[in-house]
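# Working through the structure, step by step
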Amino acid sequence: MTAEQRRNLHAFRDYVRKILDPTYILSYMTPWFRDDVVQHIQAKKNNKGPMEAASLFLQVLLELQEEGWFRGFLDALQQAGYSGLYEAIESWDFQKLEKLEEYRLLLKRLQPEFKTTINPEDILPEISGCLINQECEEIIQISSNKGLMAGAEKMVECLLRSDKENWPKTLKLALEKEESKFSELWMVEKGAENVQMKDLEDDEMKTLDVHIVYKEEPESQNLSQNSCSSEVPPTYSPLKPRNYQLELALPAQKGKNTIICAPTGCGKTFVSLLICEHHLKKFPQGRKGKVVVFAVQVPLYEQQKSVFSEHFERFGYKVSGISGETADNISVEQIVENNDIIILTPQILVNSLKDGTIPSLSIFTLMIFDECHNTNKHHPYNMIMFHYLDQKLGGSSDSLPQVLGLTASVGVGDAKNTAEATEYICKLCASLDTAVVTTVRDNLEELEEVVYKPQKFFRKVESRTTDRFKRIISQLMAETEALAKSIFEELGTVTLENLSRIQNRNFGTQKYEQWIIAVQKACMVFQMPDKEEESRICKALFLYTSHLRKYNDALIINEDARMKDALNYLKNFFKNVRAAGFDAIEQDLTQRFEEKLLELEGISMDPSNENAKLKDLCFILQEEYHLNPETRTILFALKNWIEENPKLSFLKPGILTGRMTLPAQKCALDAFRTNRDSKILIATSVADEGIDIAQCNLVILYEYVGNVIKMIQTRGRGRARGSKCFLLTSNADVIEKEKLNICQEKMMNESISRLQGWNEAVFKEKIRQIQIQEKLIRDSQGKVKPVVDKKNKKLLCGKCKTFACYTADIRVVEECHFTVVRDAFRECFVTKLHPRPKKFGSFDKKAKIFCARKDCLHDWGIHVKYKTFEIPVIKIESFVVEDVATGAQTLYAKWKDFNFEKIPFDAAEMSTYAQDLNLQGVDGLE
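Everything numeric in this text was worked out from a predicted model, so none of it was measured. (Residues numbered from 1 in each chain as written. Predicted model: local features only at pLDDT ≥ 70, side-chain atom pairs only at ≥ 80, totals over all residues. Heavy atoms only, no water.)

### Points about the overall build of the protein
Along the backbone of the protein there are 32 helices and 24 strands. As displayed, the protein has an accessible area near 42000 Å², and 50% of this comes from carbon and sulfur atoms. (Helix = DSSP H or I, 4+ residues; strand = E, 2+ residues; numbered from the N terminus. Areas by Shrake-Rupley, 256 points an atom, 1.4 Å probe, with all protein chains shown as cover.)

Structure below.
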């Protein structure tokens, strides 16, 4: 660059400051800008707005000494779409940009009217050519997340920076097309001088606080008009899909069954819209397609239903859906018959195929499986595809629907090498009847501009060298174990095999938890001639092992969180113990704990005992928010610690868990998306899969690791440019597991590439052979039906062995719920209001039920309102099943494993029981 060019750029810098958002061209300037400079400019934009960021950008630019930077700057402007600014600097002629100044002044003055009058989504397709592509995406995103007024405000901000000389006239035409009243104020020909309106503030418009992210926005992307409706609303005109999205869609648009494997954030949902529209358009007049879209989780179902409805209903297509939350009040048959696109949670269709409501999959012409990697074992996706494959391999003449699968990762299972991984993927393809796995190959550069793979960091933190809290709790556990052993010392030769294998169990581990479960299971079927003594011993062992489990939990909490959190967990447990039966054993165990409580509280409050992992986590968060105050984080852990940490309380964490109700989940997600004060979302694995959380640019996995699919999904939560992903652990095995996942991802990609190179006919024959083999296995298993045991059995409380009911008293409600109609059963249990009452299907969960013995209170299940009846619903794992004739006792983990004669629920029979129950009242429900 010559000295003259440098002087000119400095002289005309105000034009650059007014027009350029430098964050849109930083990716093109990487040869000249260091990473820390890029981050500084990004932070400046987030904190002070694009004009201040442009000033900093120019300052850095003009100080560069490297060769070629000026040409690189011009090329970056051109690539990003700043054609007007590019031409002006290329010729050093800014007259065209100067002429736009009066329109900027006019728009500033009209801004309050503009944002209250204009729907930005209506006019954006008309004026998008006057804006940068990323500005269009931001306008759509803000309109969706913050509302149309915020979107209009953002549109004004972008127009004020537009360097396209025709933007004032283009805006005028767009307003006239919409017959907007604002058009009367937007006088392009006369300019700003003739505006007749109240004088408004001319202060420089405040820039919005927007963090640039890249988000799946299928509703905002282009779909051409379709033939379903002759009158397409004028508010929706096409925008251009990206080339890599067209590449992903192409095989499915040719009618092939396809798995699309592409990273989170690239717009797979939009690709499915492209395919769906193409599919519906191809039918000749007089015939119609019918599409079913599956989503594995209810939040995903809601997300997909919203996207498909918003896009297709404007063209006259009918879109509806059913999930487990709504199934009881809606006719599946009517929904399927009366709509063109149906969104379902898959179990709905499984149930409908089973009961004949939907006679065959042939009613559909296209099935879309979101998160299709779940199509294995007994997942509902596989149940649906069993019907499909039975129809295909059974020689049916009925047509089958096209199959489309979407996933960020097909996975590799337990594969140890590429050959095994290839076989695993072939089995997934066979399950979905597809011989095409589509990935982006021809347009990778474009994909990489949209989807940013977060930097991955491993942080191995040393555990506490001395842990007095653990030492005291371990001492209490050893004492409790000794008390449990002493019970059998009274009995001499009688013992439990699992109780004698304590020695090799480490406190505070999952292995110890498994030992506790093994002892409890053995205890439940332990028998003695003296039934009273048997009950006493079993109840005592349950109490000891239950306390050991809580101590073990506390040690795990202590390892990953604060001593304070672990101690509070135990204090809460013992508080509940006191409030219940509180027999002699519980009194003794509580006294032992309380004798150590003062010492434990002192240790937990000592700052020198702070968890080193939390120190490191605090450091990471402080550092990242210092570099970029607008960072948006998903952390898989630790809400209370953040709220109570004065260094981090400004983050105002939200929380998202699978146990939350659907409205609560939606509220949490909406708050994180729209509330700029909430800078961090504490999440469990529900945030892994599919749910759209686009603002995140920092993911922290705190002692959190899964398989390769989970790794790719959690990494996909961080979508913004410059995203980072930290794995923080004190366990070297966790890091090794994640490194293995990285190797498996590479192996998966190699396997997909290998399959894509196969001859399609060879691939089809391969999956056909797998399908035939799998069907043979399936059919052989189906023929072996378990023998129904019609002998009457007793159900005894799994803890105290008290008699509860006979199997003849049990009735099956809606095929999978079990209630008891024996009158005396209501005397066997007590109830307590459920801490999380919830309605699911026909059931209104109101209370929990417990064994009525005050020294037991074992959890037996729940109390519900079913239609008009108040009934108990019991869980088999809470009981021991005893053969009346032989006295043999058996445990069952699930009802399906217990092959007794299952008598269906009968409303007439139930009415007598339920009415009596209502008249007498149930403790805790009145």
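We are not done yet, so read on.
### What to know about the environment of Glu98
With respect to the secondary-structure elements, Glu98 resides in helix 7 (residues 95-99). Judged by relative accessible area, which is 42%, Glu98 ranks as partly exposed. In sequence terms Glu98 and Tyr15 are 83 residues apart; their C-alpha atoms lie 8.5 Å from each other. (Buried < 20%, exposed > 50% of the residue type's maximum accessible area, 1.4 Å probe, protein only.)

### Side note on the environment of Lys724
Within the fold, Lys724 resides in strand 13 (residues 724-729). Sequence separation between Lys724 and Lys456 is 268 residues, and the spatial gap between their C-alpha atoms is 6.2 Å. There is a polar contact of 3.1 Å between the side chain of Lys724 and the side chain of Glu624. (Polar contact = N/O pair within 3.5 Å; in protein donor to acceptor, adjacent residues only side chain to side chain.)

### Examining the side chain of Glu481
With respect to the helices and strands, Glu481 occurs in helix 21 (residues 468-491). Although Glu481 is buried, it forms no salt bridge, and the closest oppositely charged side chain is Lys485 at an N-O distance of 5.8 Å. A polar atom in the side chain of Glu481 sits 2.6 Å from the side chain of Tyr512. (Lys, Arg positive; Asp, Glu negative; His and termini not counted. Salt bridge = Lys/Arg side-chain N within 4 Å of Asp/Glu carboxyl O.)

### Things to note about the state of the cysteines
Applying the stated criterion across every chain, the model contains zero disulfides. For Cys805, which is in no disulfide, the shortest distance to another cysteine sulfur is to Cys828 and amounts to 7.9 Å. Assessed through its relative accessible area of 1%, Cys805 is described here as buried. (Disulfide = S-S within 2.5 Å.)

### Some remarks on helix 3 (residues 35-48)
With 14 residues, helix 3 ought to run about 20 Å at 1.5 Å a step, and its terminal C-alpha atoms sit 20 Å apart, in line with that. Considered for burial, the residues of helix 3 that qualify are Val37, Val38, Ile41, Gln42, Ala43, Lys45 and Asn46. Close packing links the buried residues of helix 3 with helix 4 (50-63) and helix 26 (612-627). A positive backbone phi angle near 105° is found at Gly49, which sits one or two residues after helix 3. (Expected span 1.5 Å × (residues − 1). Contact = heavy atoms within 4.5 Å.)

### Things to note about the pattern of salt bridges
A full pass over the atoms with the stated rule returns 48 salt bridges. We note a salt bridge from Glu138 to Lys154, for which the minimum N-O separation is 3.3 Å. Taken together, the residues span a long stretch of sequence, with Glu138 in helix 10 (residues 133-146) and Lys154 in helix 11 (residues 148-160) at a distance of 16 residues. For the residue pair Glu138 and Lys154, the accessibility class agrees, reading buried in each case. Between Lys531 and Glu534 there is a salt bridge; the shortest N-O distance is 3.0 Å. In this pair, Lys531 and Glu534 are both assigned in helix 23 (residues 531-560), three residues apart and thus about one turn of the helix distant. Taken together, the shared-partner salt bridges in this structure form one network comprising Asp21, Lys45, Glu135, Glu138, Lys154, Glu157 and Arg161.

### Regarding the confidence of the model for the protein
Predicted confidence across the protein gives a mean pLDDT of 81, with 85% of residues reaching 70 or more. Predicted confidence is poor over residues 190-238, with pLDDT under 50, and the contacts of this stretch with residues over four places away or in other chains come to 141 contacts. Low pLDDT, under 50, characterises residues 919-926; the predicted model gives this stretch 17 contacts beyond four residues in sequence or across chains. (pLDDT = per-residue confidence, 0-100.)

### Regarding the packing of helix 19 (residues 418-431) against helix 30 (residues 732-756)
At a minimum axis distance of 9 Å, the contact between helix 19 and helix 30 shows a crossing angle of 65°. In terms of orientation, helix 19 and helix 30 fall into the roughly perpendicular class. The crossing of helix 19 and helix 30 is right-handed. Where helix 19 abuts helix 30, its residues Thr418, Ala419, Ala421, Thr422, Ile425 and Cys426 lie against Met747, Met748, Glu750, Ser751, Ile752, Arg754 and Leu755. Grouping the amino acids of the contact of helix 19 with helix 30 by side-chain chemistry returns eight nonpolar, three polar and two charged. (Axes fitted to C-alpha atoms, helices over the stretch in contact; angles between N-to-C directions. Parallel < 35°, antiparallel > 145°, perpendicular 65-115°, else oblique. Left-handed = near helix turned anticlockwise from the far one by under 90°. Nonpolar A, V, L, I, M, F, W, Y, C, P; charged D, E, K, R; others polar.)

### Digging into the sheet that holds strand 16 (residues 810-813)
Taken together, three strands build an open sheet; the order of strands is 17-16-24 and the sheet is mixed. Either end of the sheet is taken by a strand with one partner, and the two such strands are strand 17 (817-820) and strand 24 (903-904). Relative to strand 17, strand 16 runs antiparallel, the two sharing four bridges. Bridging across to strand 17, Val812 finds its partner in Phe818. (Pairing = 2+ DSSP bridges.)

### With respect to the sheet that holds strand 21 (residues 869-874)
Sheets are built from strands that pair by backbone hydrogen bonding, the pairs being arranged parallel or antiparallel. Within the open sheet, the four strands sit side by side as 18-19-20-21. Their pairing is antiparallel. A single partner strand is all that each edge strand has here, and the edge strands are strand 18 (829-840) and strand 21. Sheet twist, expressed as the average angle between the axes of neighbouring strands with direction ignored, equals 30°. As paired elements, strand 18 and strand 19 (residues 843-851) share eight bridges and run antiparallel to each other. Residue pairing across strands places Val830 opposite Phe850, the latter belonging to strand 19.

### Focus: the layout of surface pockets
Here the second largest pocket defines a volume of roughly 1700 Å³. Along the wall of the second largest pocket there are 42 residues; nearest its centre are Ser546, Phe850, Leu857, His858 and Asp859. For the lining of the second largest pocket, the secondary structure elements donating two or more residues are helix 22 (510-524), helix 23, helix 24 (563-579), strand 18 and strand 19. A class-by-class count of the residues in the lining of the second largest pocket yields 19 nonpolar, nine polar and 14 charged. (1 Å grid on protein atoms, 1.4 Å probe; cavity = no way out; pocket = protein on both sides within 12 Å on 5 of 7 lines; lining within 4 Å. Points joined across faces, edges and corners; volume = space filled by probe spheres on them.)

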